[in-house]
Amino acid sequence: MKVSIVTIGDEILIGQIVDTNSAWIAQRLNEIGLQVYKIYSIPDTEAAILRTLKRASKLTDIVILTGGLGPTNDDITKKTLAAFFNDTLHRNEDILAHIKTLFEIIVLRLLNKLNVQQADLPSQCNVLLNPVGTASGMWFNKDGKHFISMPGVPFEMKAIMSSSVLPAFQSEFGAGVFLHKTILKLLLFFIVLQYLLGITAVINAVPFLIGITHQIGGLINLTLITLIISEIIKRN
């Protein structure tokens, strides 16, 4: 499964903040065997979001978006996603109750109109509860592709990824088990070659190993291959 990551926000493009979300997401996906194919940083405009959604969904199986879900008027990701999926926004009473609870316990003030509107979500999405904030995550499915949208605030994004998205990926795709088993098999392959056939066989096996790496979508970093060979050569 190939993944695109899309970070939305003018503040990233002008250098006001650094995009740490993409790096964190990519690291977590790599740990469970999902390949990040491309990362986009785009402005808060409907045209840019729609264009990137179309482009990313042609190239990859999963599109993960962060940003543009806040309560301000220039946060347009939610409305744009509704337009992309030919959907409309509907008030989610469970999410509204969650937002009210957060305000009563943490913010200690009444909701305003903009806060209430954060409970308005596309009817087609699977809502991903934000346990530490008011902007819910959203998961859409279309033509066999998965689209996940989360807030751009790092600790809120991480909370949704950890509690909802990553467990779902592991359950649905099971990529992590495959990756770890593959690495162990490759390590065993090198060890057997070294002790049974000698160092020459290990070096000759590199094209074969690179072929395996390509076949599984480049999930195994070729740096790993280099380190193993260097260590074997060093010991010989």
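Just so it is clear, the structure is predicted and the values come from calculations on it, not from any experiment.

1. A short note on the overall build of the protein
Link 1 in the chain: A tally of regular secondary structure across the protein gives eleven helices and eight strands.
Link 2 in the chain: Buried residues in the protein amount to 43% of all 236 residues.
Link 3 in the chain: Excluding contacts between residues fewer than 6 apart, the proportion of contacts in the protein whose partners are at least 24 apart in sequence is 68%.
Link 4 in the chain: If you sum the accessible surface of the protein, you get close to 12600 Å²; carbon and sulfur atoms cover 58% of it.

2. Some words on the confidence of the model for the protein
Link 1 in the chain: On average, residues of the protein score 83 in pLDDT, and 73% of them are at 70 or above.
Link 2 in the chain: Scored below 50 in pLDDT, residues 210-223 shows 20 contacts in the model against residues more than four places distant or in partner chains.

3. Let's talk about the layout of surface pockets
Link 1 in the chain: Quantified by volume, the largest pocket comes out at close to 410 Å³.
Link 2 in the chain: Residue lining of the largest pocket: 31 residues in total, with Glu 11, Gly 67, Gly 68, Gly 152 and Val 153 positioned closest to the centre.
Link 3 in the chain: At three residues, the largest contribution of residues to the lining of the largest pocket is made by helix H1 (residues 10-13).
Link 4 in the chain: Its residues assigned to classes, the lining of the largest pocket shows eleven nonpolar, 13 polar and seven charged.
Link 5 in the chain: Of the volumes computed, that of the second largest pocket is approximately 320 Å³.
Link 6 in the chain: Lining the second largest pocket we find 19 residues, and of these Gly 70, Asp 75, Lys 78, Lys 79 and Gln 117 sit closest to its centre.

4. Comments concerning the nonpolar core
Link 1 in the chain: Judged by nonpolar contacts, the single largest core of 25 residues is most densely connected at Val 6, Ile 42, Leu 53, Val 63, Met 138, Phe 140 and Phe 147.
Link 2 in the chain: Among the secondary structure elements, those contributing two or more residues to this core are strand E1 (2-8), strand E2 (35-42), helix H3 (46-59), strand E3 (62-66), helix H4 (77-84), helix H5 (93-107) and strand E7 (137-142).
Link 3 in the chain: Contacts of Val 6, omitting those with residues within four sequence positions, involve Tyr 40, Ile 42, Thr 52, Val 63, Ile 64, Leu 65 and Thr 66.
Link 4 in the chain: The next biggest cluster of nonpolar side chains, apart from the first, holds 19 residues, and it includes Leu 29, Ile 62, Met 161 and Leu 166.

5. Things to note about the packing of aromatic side chains
Link 1 in the chain: Enumeration over the complete set of coordinates arrives at six aromatic pairs.
Link 2 in the chain: Taking 5.5 Å as the distance between ring centres and 65 degrees as the angle between the ring planes, the aromatic pair formed by Trp 139 and Phe 169 counts as edge-to-face. A residue pair is termed long-range when its members are at least 10 positions apart, and Trp 139 in strand E7 and Phe 169 in helix H7 (residues 154-173) qualify at 30 residues.
Link 3 in the chain: For the cation-ring pair, Lys 38 lies above Tyr 40, with the distance from its terminal atom to the ring centre recorded as 5.8 Å.
Link 4 in the chain: Positioned over the ring face of Phe 84 is Lys 142, at 4.6 Å from the centre of the ring.

Scoring rules and cut-offs
- Residues numbered from 1 in each chain as written.
- Predicted model: local features only at pLDDT ≥ 70, side-chain atom pairs only at ≥ 80, totals over all residues.
- Heavy atoms only, no water.
- Helix = DSSP H or I, 4+ residues; strand = E, 2+ residues; numbered from the N terminus.
- Buried < 20%, exposed > 50% of the residue type's maximum accessible area, 1.4 Å probe, protein only.
- Contact = heavy atoms within 4.5 Å.
- Areas by Shrake-Rupley, 256 points an atom, 1.4 Å probe, with all protein chains shown as cover.
- pLDDT = per-residue confidence, 0-100.
- 1 Å grid on protein atoms, 1.4 Å probe; cavity = no way out; pocket = protein on both sides within 12 Å on 5 of 7 lines; lining within 4 Å.
- Points joined across faces, edges and corners; volume = space filled by probe spheres on them.
- Nonpolar A, V, L, I, M, F, W, Y, C, P; charged D, E, K, R; others polar.
- Core = buried A, V, L, I, M, F, W, Y, C linked by side-chain atoms within 4.5 Å.
- Phe/Tyr/Trp six-rings, centres within 6.5 Å; stacked < 30°, edge-to-face > 60°.
- Lys NZ or Arg CZ within 6 Å of the ring centre and 35° of its normal.

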